[in-house]
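Take a look at the letters that make up each chain.
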Amino acid sequence: MRAMGNWDYSIFWKEALNQLKSELTEQEFAMWFNMEYETSLESSVVVSVPSAFYRDQVVQRYQNQIENTLYDLSGHKIGIVFEVKTRKREEHPAARESGDHPENSGSAARSAPVARVIQPVPRENHPQLRNDYTFENFVIGENNSFAANAAIAIAKNPGLAYNPCLIYGGVGLGKTHLMQAIGNLSWKERGNKVIYITAENFTNEFVDAIKTSTTQKFKNKYRTADVLLIDDIHFLQKKNETQEELFHTFNALYDASKQIIFTCDRPVSELKNLSERLRSRFERGLTVDLLPPSYETRCAILSMKLEQRGVSIPQEVINLIAKNISSNVRDLEASLTKLIAYFELTKKPVTLEVAQQQLRDSFGSPRQKNVTVETIQKVVAEYFSLSYADIRGKKRTKAISFPRQLAMFIAREITEYSTTELGIEFGGRDHSTVMHGCQKIEERLKAEPTLEMTINKIKELIKDYNS
Ligand code: ADP
Ligand code: MG
């Protein structure tokens, strides 16, 4: 058995796959080893992958590991070459539509991919889910790998792996994307009945159902789901009747081993005005958080979004955006959209200078400049269900002093006030009290990564306060 040249490493490749399969988690293997052996060259194996994005991710994550395994098995240094080959949709429905490049579209149909674990049932797009919110379009970095792997495991085993699952994280960090990726996969590949709804629309529908005496219909709809996705449950605060209804929906689905997934913009423990029994249901299964992406992950996300849109901009521009926008992915995308619009309208190349000029406003976040200490105090007070007077006042109970220190810390970061001036704003304290407060928060930040998320969330609320 010979390949095109005089070399044939297909046996080593097969064995390497077997070995890697036993070393990696099932989800990881199923997700990333969707490769096909093509041929052997003098000192390398050529395998095909479904898109350039996929290739880049695999190179980054597994190239070394694969090559080391090939070396262990064969005693020779065998490299690996990835070739992008778009498979026809019927044959590989999980392939990303937007990854189909025109230059690849004529490629020959191939046999079944190596690592397919689920027999796909081709289906139309789900009416409530975004078609592009898939796992293949989700870049995994350190900030989200736990959440993403849990989501993949759930999508492969809804109702059984982790139930319920609560994904929490700040604005624009990918909660909705990840939740809908689970929905898309179980809808398309398992044929599950998937319902996606925001907590706000769930509330509105429930109120309507009461008004029109159709609550039975409402109950039937939600209690017959295989996978129920409820987005942004922080909206349920103070909505007592809806909470009650959701509690019963939850129990019905949970008892029937149906998958339930929630997202929230903060840890459940920070939700106010939520019934205890519903809170305990939210926390019964697996809770995962999404943190802001690192610089490298931000670059990878930008590259992938560019590839999807079929646009290329210089790497130095990508680096510039990644360096300046660190808080969330939605803002990263918005910057990219702005540059693409500039390019399409003016037909001029997007140079570093152009990018700097066009994105000046987003980089500087000028809306933060005119923030008053009063606004910060009011937003922090509201966030922690305290009064404005509490934050400025003298009380030193823990429930008040932590939010007060947080307000000082944020004020120090985003206003031009000196610690002396801030002391005056915080009920006539002296500057050392402010410094001490900020120091306390810095210490806690080192120990509790989720605190950064809370701070970012509050900063977002401050931004929105005046607009
Ligand atoms: P959230 O629901 O947490 O506010 P979204 O899920 O709406 O955030 O994400 C905001 C945008 O950022 C979406 O367009 C989403 O596709 C994108 N996004 C977020 N995280 C990632 C990621 N890891 N890889 C690719 N795109 C991402
Ligand atoms: Mg969302």
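If you're wondering where the values come from, they're calculated on a predicted model, not measured in any experiment. (Residues numbered from 1 in each chain as written. Chains lettered and ligands numbered in written order. Predicted model: local features only at pLDDT ≥ 70, side-chain atom pairs only at ≥ 80, totals over all residues. Heavy atoms only, no water.)

K.L.:
Which parts of the structure should I look at to understand the site of ligand 1?
P.N.:
Every one of the 19 residues lining ligand 1 counts as a neighbour, but Val 139, Gly 172, Thr 176, His 177 and Glu 333 are closest to it. The separation between an oxygen atom of ligand 1 and a polar main-chain atom of Leu 173 is 3.2 Å. Lys 175 is positioned with one of its backbone polar atoms (N or O) 2.8 Å from an oxygen atom of ligand 1. Here ligand 1 has 560 Å² of accessible area as a free molecule, and 94% of this is covered by the chains. Only α5 (175–190), α10 (295–309) and α12 (329–346) provide two or more residues apiece to the shell around ligand 1. Considering only residue class, the shell around ligand 1 consists of eight nonpolar, seven polar and four charged. Two domains each put at least three residues into the shell around ligand 1: domain 2 (145–290) and domain 3 (295–368). (Near = heavy atom within 4 Å. Polar contact = N/O pair within 3.5 Å; in protein donor to acceptor, adjacent residues only side chain to side chain. Areas by Shrake-Rupley, 256 points an atom, 1.4 Å probe, with all protein chains shown as cover. Helix = DSSP H or I, 4+ residues; strand = E, 2+ residues; numbered from the N terminus. Nonpolar A, V, L, I, M, F, W, Y, C, P; charged D, E, K, R; others polar. Domains from an automatic or database assignment.)

K.L.:
Help me understand helix α17 (residues 398–414), please; the structure alone is not making it clear to me.
P.N.:
An α-helix turns once per 3.6 residues; consequently, residues spaced three or four apart project the same way. The end-to-end C-alpha separation of α17 is 24 Å, in line with the 24 Å expected for 17 residues at 1.5 Å each. Judged by how many residues are buried, α17 sits mostly within the fold: 13 of 17 residues are covered. (Expected span 1.5 Å × (residues − 1). Buried < 20%, exposed > 50% of the residue type's maximum accessible area, 1.4 Å probe, protein only.)

K.L.:
Would you explain the packing of helix α6 (residues 199–211) against helix α7 (residues 215–223) in this entry?
P.N.:
The description of two packed helices rests on the angle between their axes and on the distance between the axes. Packing of α6 against α7 brings their axes to within 8 Å, and their N-to-C directions diverge by 145°. Seen from α6, the contacting residues are Phe 202, Glu 205, Phe 206, Ala 209 and Ile 210; seen from α7, they are Thr 215, Phe 218, Lys 221 and Tyr 222. Among the residues forming the contact of α6 with α7, the class breakdown is six nonpolar, one polar and two charged. (Axes fitted to C-alpha atoms, helices over the stretch in contact; angles between N-to-C directions. Contact = heavy atoms within 4.5 Å.)

K.L.:
Whenever I open this one, the sheet that holds strand β2 (residues 44–49) confuses me. Can you help?
P.N.:
Sheet strands pair by backbone hydrogen bonding; their relative direction is either parallel or antiparallel. The sheet built from three strands is open, its strands ordered β1-β2-β3 with mixed pairing. The sheet is open, and its two edges are formed by β1 (36–41) and β3 (79–84), each paired on a single side. Shown here is a sheet whose adjacent strand axes are inclined to one another by a mean of 30°, direction ignored. When β2 meets β3, the two strands line up parallel, connected through six bridges. Bridge pairing links Val 46 to Val 81 in β3. Each of β1, β2 and β3 is contacted by helix α1 (residues 10–23), which is oriented at about 140° to β1, the strand it contacts most. Running over the sheet, helix α3 (residues 52–74) touches β2 and β3 and is turned about 160° from β3. (Pairing = 2+ DSSP bridges.)

K.L.:
Please explain the packing of α10 against α12 as it appears in this structure.
P.N.:
Between α10 and α12, whose axes approach to 10 Å, the crossing angle comes to 45°. As far as their axial angle goes, α12 and α10 are oblique. Considering how the two elements wind past one another, α10 and α12 form a crossing that is right-handed. Residues Arg 298, Ile 301, Leu 302, Lys 305, Leu 306 and Arg 309 of α10 pack against Val 329, Leu 332, Glu 333, Leu 336, Thr 337 and Ile 340 of α12. By residue class, the composition of the contact of α10 with α12 is seven nonpolar, one polar and four charged. (Parallel < 35°, antiparallel > 145°, perpendicular 65-115°, else oblique. Left-handed = near helix turned anticlockwise from the far one by under 90°.)

K.L.:
How do you make sense of the pattern of salt bridges when you look at a structure like this?
P.N.:
It is possible for side chains of opposite charge to pair when their charged atoms get near one another. A full pass over the atoms with the stated rule returns 18 salt bridges. Lys 395 is paired through a salt bridge with Asp 390; the nearest N and O atoms lie 3.4 Å apart. Linked through salt bridges whose partners overlap, the residues forming this network are Glu 38, Glu 83 and Lys 85. (Salt bridge = Lys/Arg side-chain N within 4 Å of Asp/Glu carboxyl O.)

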